[in-house]
Structure formats: C-alpha cells, structure tokens
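# Architecture at a glance
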Amino acid sequence: MYEGPVQDLIDELGRLPGVGPKSAQRIAFFLLAADPVDVRRLIDALTEVKDKVKFCSICGNVAEDDQCRICRDERRDLTVICVVEEPKDVVAIERTREFRGRYHVLGGAISPIEGVGPDDLRIRELMMRLADGTVTELILATDPNLEGEATATYLARMVKEMGITVTRLASGLPVGGDLEYADEVTLGRAFEGRRAYSS
Amino acid sequence: MPLYRDEAVVLRTQKLGEADRIVTLLTRRHGRVRAVAKGVRRTGSKFGSRVEPFMHVDLQLHSANNENGSGLDIVTQAETLGPYGEAIAADYSRYTAGTAVLETAERLTAEEREPSLRLYLLVVGALRSLADGEHTPSLILDAFILRALAISGYEPVLSGCAVCGEPGPHRAFAVGSGGLVCRDHRPPGAAAATPDGIELMLALMSGDWANADGVEPKVQREASGLVATYLQWHLERGLRSLRFVERSLVERP
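Before going into details, it helps to say that this report is about the structure given with it. (Residues numbered from 1 in each chain as written. Chains lettered and ligands numbered in written order. Predicted model: local features only at pLDDT ≥ 70, side-chain atom pairs only at ≥ 80, totals over all residues. Heavy atoms only, no water.)

## Focus on the side chain of B:His135
Structurally, the position occupied by B:His135 is in the loop between α3 (117-132) and α4 (137-151). When neighbours within four sequence positions are excluded, B:His135 is seen to be in contact with B:Ser129, B:Ile140, B:Trp209 and B:Asp213. (Helix = DSSP H or I, 4+ residues; strand = E, 2+ residues; numbered from the N terminus. Contact = heavy atoms within 4.5 Å.)

So this is what it looks like as structure tokens:
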C-alpha cells in the first residue's frame, strides 16, 4: 500500500482491461518518473477523447463531428452498406481497401443470454437508412461466431421483403494456414463457398 | 488427474483477455465445468468454432488442480460430436429458444463439478431436436423446461391436486403449491388453466409429440406462460433469455 495519490493512481489503472495489480504499479511508477510534458500530453489525450469523440448520427461509428469521416465522404458508394458489430470492425475492413461503400455499426450482437436483444442494437436506425430505396446491397459483416451468425440471420429476415441484395462475408480457410488443421465447420464453409477458378 | 477427457455441451462463452474465452460446459461425467479456451478468438484458431455455444464436443481438459477444486480448467483439445450451432443460428426462433435451453441448464446446475447425467442427455436431445427442426422451437423449449425441472425435483403436479391429492381435472395452477390445485386449496392469485393447456403440458412431459405438435397457438401460449412462471418461481430469479424467445408459429417446418 502506498500513500494517497500514488495508490489512487494504481487503483484507477488497475481497472483498465488487461491491467493487473503488478502492471498497474509498474505504469504508475513509470508515470511518476516521466517527463511532466509527456504526462500532460497523456492527460490531454484522455480528456479530449471523452469531450470530443461522439458517435456518428448516421452509422454509429466513432466520430469527431456529428457525422464520421466516412459518412461525410461523398466519393463513397451510397448504394452499399456494410453492417458491423463494433467501430473496431470498421477499421479492420478499411485496412483492406477493398470496400468503397458505407458502414452501419450495430454496437454489438444479439445475445439473449447476456440480455441483449434486437432492440438494444442500432437495428431500427439501419431500417430507417434502408427505407428510402437508395441502398441496393447490404453486406452482413458481423463476427463469424454464434452471436454474429444469429444477428445476421435476424437482419436477413428483416430486410427480406425490401428487395435489397443481402450478402454475408465468406468464411473459410485463413491465408497462410495448413488445411489439415482447419476445423470441420470452417472447412465445411470453405467448401460451400468455393468458387470457379479463373486463370 | 491433471488431464481428463469428457463429452460436453458448451453452455456459454465469455471473452477473456486478448484472444481467449472462458467456456461454461455441461459435461457428461463432471457436471458443470468452467474452462479457459486459449486463443480461440484468433481467426487461425484450431478449435475456435468447436467451443461455441450449442456445440456438442469431445474435449480434453487440463485440470486446475488446486485444493478447493475451484479455478478454471484449460481446454487442450476439442473434437466435434454434434455441430448444432450452425443449424440453430441459421433460424432466429431456434436461436432464441436454444439460448433459453442453455441458460436453464446452467441455472439448474447450481454446483460446479456435480455430475448430472440426465440433465446433460436432456440438453443434448433438445439441441439435436432444435437443429433438426423436428418441432416448433418454443414447444421444444417448454418440453425441455418441464423435464429439466422434473429431473431437478420440481416436477409440477398435473393430475391431482398438489396439496390434497384429490383427483382432477382442476382448473387452477398455483406455482407456489407445485402445480394444479382443487377449489378448496386454491390460493388467491392462482392462474387459470384450461383442460387443453394442461393436456399440452402432459404431452410435453411425456414426449407425446403427435398430440403436442398440432396444438393451437392460443393453447401453446397458455402452456408456455405457465411453464415460464413455474420455472422462474423455482429459479428465484428471472431467466434473461426467456423474454427474447419467439413464440410465433409461422416458421414451423
């Protein structure tokens, strides 16, 4: 146990994900010994992230203004929406540079056992975006786990009547892996989703 | 017993750290066990898809081996026995009913590592039935709840009066008294039960699907309501997934 402020700092750091009591202590003493300018920069970054960052009014992604950078960008394809669970997934897809449409962040996946139902996600907002008829394709890019699949099933059923093409990201073998180590479900999906080889 | 092997159904998964998951398992021989599945959230994981909820798997586990038997085991190998997850997640009513099956099973196994073979077999049967689409998902759920309660010692009395044993038919269902009650023992606030509703519950208890399948939606809603109230009374706390269960009958195969 340390005196007042040092212990307070250790306790606060210990509440962060993945930081245990020992790591919290190490970070606290690092900050104590660090240059005041560096610490000030960290403080500013922390306050700014809480004050300035909002959620985009259109897609639900993290944004600095009312709308995020992607929703403001007029060069992006308005007819395609890619549905993801978290803002982190937007970044992951953006890194591929394959997708030129816009996103919709649900804020999680349907998980009744955790008490999360369709009304707790941004599904109503998505339906409102689809209602005006500009969107022709909806890409379901929820996580390829059970909750993500169930959420995709639910969304596909909701938009079935709207005449929009609904696609799901392909599942299959990871690039750079060995076939023999793939599990049955993944390998089965890879077979299901195989495509003609064009040379 | 540092390493042991058992068959299990995955009841629940929780994220742990960067890429791991804590999985709650209902095993054939060791009852409810919590174990860590390392690295399963990475896309290249060897057995990520096998330790998802609804999966029936053959596992090798490394025992935590501390004095009080608490702590988490570690999943070292997994083989699929029944890949029910995919078929269940592909249909939203199956998914919601199936989640309620898993939550009920978890809540009825109060003690960790206490073998409950009959409940385990019942869960596997319910999941197989859901995945195959044999019956309406919410009926499978109600049948599972009634039988799981019976295994746990909470079987509702559906023939005579639960208090005095006077032979029926009775028209009042009192959860606190343990089932149907006669006019003399009817407590205030007991729910009304129709003969059709009671017949459906009896059919679900005994596995008489020929009679249960053709039942009218109204009767099914009544039976489901009684089953849900009875379950939640005995669990003392509401079941979170129950309010999301789709009771519609449109998607019957």
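Still to come is the rest of the account.
## Details of the interface of chain B and chain A
In this assembly, 32 residues from chain B lie in contact with 26 residues from chain A. Where chain B abuts chain A, roughly 2,300 Å² becomes buried across the two surfaces, and 55% of that area is made up of carbon and sulfur atoms. Looking at the side of chain B facing chain A, the largest losses of area belong to B:Tyr92, B:Tyr95 and B:Phe244, adding up to 26% of the total buried there. Taken together, the links from chain B to chain A amount to 2 salt bridges. Notably, a salt bridge pairs B:Arg12 with A:Glu114, separated by 3.4 Å at the nearest N-O pair. Between chain B and chain A we count 6 residue pairs in polar contact (both at pLDDT 80 or more) in total. Breaking the side of chain B that touches chain A down by element, the ones donating at least two residues are β1 (3-16), β5 (73-83), α1 (84-89) and α2 (92-108) of chain B. (Buried area = accessible area lost by both parts, 1.4 Å probe. Salt bridge = Lys/Arg side-chain N within 4 Å of Asp/Glu carboxyl O. Polar contact = N/O pair within 3.5 Å; in protein donor to acceptor, adjacent residues only side chain to side chain.)

## Re unusual backbone geometry
Positive phi, normally seen in glycine, also occurs at A:Arg97, with a value near 55 degrees. Its place among the elements puts A:Arg97 in the loop between α5 (87-96) and β4 (102-105). In this model, B:Arg113 sits at a positive phi of 60 degrees, which is unusual for a non-glycine residue.

## Quick word on the nonpolar core
Note on soluble globular proteins: their nonpolar side chains tend to be buried together. Judged by nonpolar contacts, the single largest core of 77 residues is most densely connected at A:Leu130, A:Leu138, B:Val123, B:Leu127, B:Phe144 and B:Phe173. Those residues within four positions of B:Phe144 in sequence are excluded, and the remaining contacts are B:Val101, B:Thr104, B:Ala105, B:Leu119, B:Leu122, B:Val123 and B:Ala126. (Core = buried A, V, L, I, M, F, W, Y, C linked by side-chain atoms within 4.5 Å. Buried < 20%, exposed > 50% of the residue type's maximum accessible area, 1.4 Å probe, protein only.)

## Observations concerning the pairing of strand β6 (residues 165-168) of chain A
Residues and elements named next belong to chain A. Bridge count for strand β5 (residues 137-140) against β6 is 4 bridges, and the pairing is parallel. Directly across from Glu 137, in β6, lies its bridge partner Thr 165. Between β5 and its parallel partner β6, the chain crosses via helix α7 (residues 146-158), and the hand of that crossover is right-handed. (Pairing = 2+ DSSP bridges. Right-handed = clockwise from strand over helix to strand, strands pointing away.)

## Overview of the sheet that holds β6(A)
Residues and elements named next belong to chain A. The sheet built from 4 strands is open, its strands ordered β4-β3-β5-β6 with parallel pairing. Two strands lie at the open edges of the sheet, namely β4 and β6, each paired on one side alone. The mean angle between the axes of side-by-side strands here comes to 25 degrees, regardless of whether they run parallel or antiparallel. Across the sheet, α7 touches β3 (80-84), β5 and β6, and the angle it forms with β6 is around 170 degrees. (Axes fitted to C-alpha atoms, helices over the stretch in contact; angles between N-to-C directions.)

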